[in-house]
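A closer look at the structure
Take a look at the letters that make up each chain.
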Amino acid sequence: MDIKTMNAQDIACVIEDNKNGPSDELLAAAAQTRDKYYGREIFVRGLIEFTNYCKNGCYYCGIRAQNKNAHRYRLTETEIMECVDQGHRLGFRTFVLQGGEDKYFTDERICGIIYAVKSKYPECAVTLSIGEKTKESYRAYRDAGADRYLLRHETADEAHYAKLHPQSMSLENRKKCLYTLRELGYQVGAGFMVGSPYQTSRELASDLLFLKDLKPHMVGIGPFIPHSMTPFAHESGGSVALTLTMLALTRLMLPKTLIPSTTALGTADAMGREKGFAAGANVVMPNLSPVSVRADYSLYDNKICTGDEAAQCIVCLKNRIERAGYEMNMGRGDSLMD
Ligand code: 5AD
Ligand code: FES
């Protein structure tokens, strides 16, 4: 079986065959592929969730604009810099600045933050995750020093995309953003949720084919977890087993890409992170945001935000990684994808 040469229908069959979890064969192939290119190293990035204001209304997301119950916050530039300073002292050399699509953070402000981090810590990589912007904005961030950009495509199927998002959003623009980011020289991260409402193996197959075409440097995959204050409050969540299958197939489709073992996976299963590594993942993104705002960045219910996934407890994380049979790497951890 070579996933790289399969058509959509055959890929959907493989997904179907492994919907209760990756077979031993699939798991072994994925882990071997990861080991071949990246060895047993798990790369860590410090995640700073700097604003939970968002103008969008994605039906699955707890910080959607329509959720009037969300307690909104914005970090000041000083607070963001304090998170970075603390992260740097802890040994982090990659910072992910993530936020909702928040008008307050104009290009000028974003560029100022990027520039501040990069001039103080030129050896560090700065990753942005702030949604859909114009090419001019993406270029401005790049010129200010941003190295990477995470923008999950969420689903590569048009009809499915329309069931998860309001009409104001389109898969076409999402994809356009991703190709633009690539063209501007960013290391790009795409990704999707597993088990989102209306998703079948067919949609998941199109996600893999889209990734094959985009060739992103990183792919974020996590189970859908319902949030009580969203239109999908009563939908069922995605399964950890199927998420592991999708991690493994993604590893085989794009051997050199970086694959995080996501917070959502760690939330859905206490050993989710370790299971993700066993399925070919090799990145974790512990939280560097101030403890006071962490609970407010609630994309889904019961999101873990204390304990091992908190960046402050880097020793616990290191122990956990080592106990699972890997080594922690706090360096920039650039992707091997071209
Ligand atoms: N469950 C799981 N993942 C979610 N995200 C947003 N809402 C949820 C949810 N309810 C993911 C989206 C987004 C990323 C930041 O978090 O894929 O791109
Ligand atoms: Fe779109 Fe949060 S509103 S991911």
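Our structure's up above, just so we're on the same page.
Okay, so let's go over this structure. As the structure is a prediction and not an experimental result, all values here were calculated from the model.

Once that is clear, we can look at the sheet that holds strand S6 (residues 187-194). Pairing is parallel across the open sheet formed by 6 strands, whose spatial order is S2-S3-S4-S5-S6-S7. At either margin of the open sheet sits one strand with a lone partner, and together these are strand S2 (46-51) and strand S7 (218-223). Averaged over all adjacent pairs, the angle separating strand axes in this sheet is 20 degrees, with direction ignored. The sheet contact formed by strand S3 (residues 94-99) and strand S4 (residues 125-129) spans 5 bridges and is parallel. When the sheet's bridge partners are listed, Phe95 is paired in S4 with Val126. Strands in contact with helix H4 (residues 107-120) are S2, S3 and S4; relative to S4, the strand with the most contacts, it is inclined by about 160 degrees. Sitting on the sheet, helix H9 (residues 240-253) touches S6 and S7, and the angle it makes with S7 is about 165 degrees.

Taking 1.5 Å as the rise per residue, helix H3 (residues 77-90) with 14 residues should run 20 Å; its terminal C-alpha atoms sit 20 Å apart, in good agreement. Where H3 is concerned, the buried positions are Ile80, Met81, Cys83, Val84, Asp85, Gly87 and His88. Contact partners of the buried residues in H3: S2, S3 and H4.

Take helix H13 (residues 314-323) next. Taken residue by residue, H13 has Ile314, Leu317, Arg320 and Ile321 as its buried positions. Viewed end-on, H13 has its buried residues packed into an arc of 120 degrees, placing them on one side of the element. Facing away from the buried side of H13, by more than 90 degrees, are the exposed residues Val315 and Arg323. Contacts from the buried residues of H13 go to strand S1 (41-44), H3, helix H11 (272-278), strand S8 (283-284) and strand S9 (327-329). Directly beyond the C-terminal end of H13, a positive phi value near 95 degrees is found at Gly325.

What follows covers the environment of Glu327. With respect to the element layout, Glu327 can be found in strand S9. Look at Glu327 and you get partly exposed, because its relative accessible area is 48%. Expressed as a C-alpha distance, the spacing of Glu327 and His153, which sit 174 residues apart in the sequence, is 30 Å. Among residues more than four places away in sequence, those in contact with Glu327 are Arg40, Glu41, Ile42 and Ile321.

Glancing now at the state of the cysteines. The final tally for this structure, using the stated rule, is 1 disulfide. Sulfur-sulfur distance for the disulfide between Cys313 and Cys316 comes to 1.5 Å. A relative accessible area of 26% places Cys316 in the partly exposed class.

Here the focus is the pattern of salt bridges. Inspection of the entire model under this criterion finds 20 salt bridges. In this structure, the salt-bridge partner of Asp147 is Lys118, at a minimum N-O distance of 2.9 Å. Within this pair, whereas Asp147 is found in the loop between helix H5 (135-144) and strand S5 (148-150), its partner Lys118 is found in helix H4, the two being separated by 29 residues in sequence. Residue class for Asp147 comes out buried when judged on its relative accessible area of 13%. Lys118 sits in the buried class, given a relative accessible area of 17%. The network of salt bridges with common partners includes Arg34, Asp35 and Arg40.

All right, on to the site of ligand 1 then. Inspection of the region around ligand 1 gives Tyr60, Cys61, Arg152, Glu154, Met193, Pro223, Phe224, Ile225, Leu299 and Tyr300 as its neighbouring residues. In this structure, Tyr60 approaches ligand 1 through a main-chain N or O atom, which is 2.9 Å from a nitrogen atom. The contact in question runs from a nitrogen atom of ligand 1 to an N or O atom on the backbone of Ile225, over 2.7 Å. Computed on the free molecule, ligand 1 has an accessible area of 400 Å², of which 88% lies beneath the protein chains in the complex. Split by residue class, the shell around ligand 1 holds 8 nonpolar, no polar and 2 charged.

Let us look at the sheet that holds S9. Strand order in the open sheet formed by 3 strands is S8-S1-S9, and the pairing between neighbours is parallel. On the outer flanks of this sheet lie S8 and S9, each paired with one strand and no other. Sheet analysis places S1 next to S8, joined by 2 bridges and oriented parallel. If you follow Val44 over to S8, its bridge partner there is Val284. Along the sheet, H13 contacts S1, S8 and S9; its crossing angle with S9, the most-contacted strand, is approximately 135 degrees.

What counts, and where the lines are drawn
Residues numbered from 1 in each chain as written. Chains lettered and ligands numbered in written order. Predicted model: local features only at pLDDT ≥ 70, side-chain atom pairs only at ≥ 80, totals over all residues. Heavy atoms only, no water. Pairing = 2+ DSSP bridges. Helix = DSSP H or I, 4+ residues; strand = E, 2+ residues; numbered from the N terminus. Axes fitted to C-alpha atoms, helices over the stretch in contact; angles between N-to-C directions. Contact = heavy atoms within 4.5 Å. Expected span 1.5 Å × (residues − 1). Buried < 20%, exposed > 50% of the residue type's maximum accessible area, 1.4 Å probe, protein only. Arc of directions from axis to C-beta. Disulfide = S-S within 2.5 Å. Salt bridge = Lys/Arg side-chain N within 4 Å of Asp/Glu carboxyl O. Near = heavy atom within 4 Å. Polar contact = N/O pair within 3.5 Å; in protein donor to acceptor, adjacent residues only side chain to side chain. Areas by Shrake-Rupley, 256 points an atom, 1.4 Å probe, with all protein chains shown as cover. Nonpolar A, V, L, I, M, F, W, Y, C, P; charged D, E, K, R; others polar.

Scope: geometric values only; no functional claims are made or implied.
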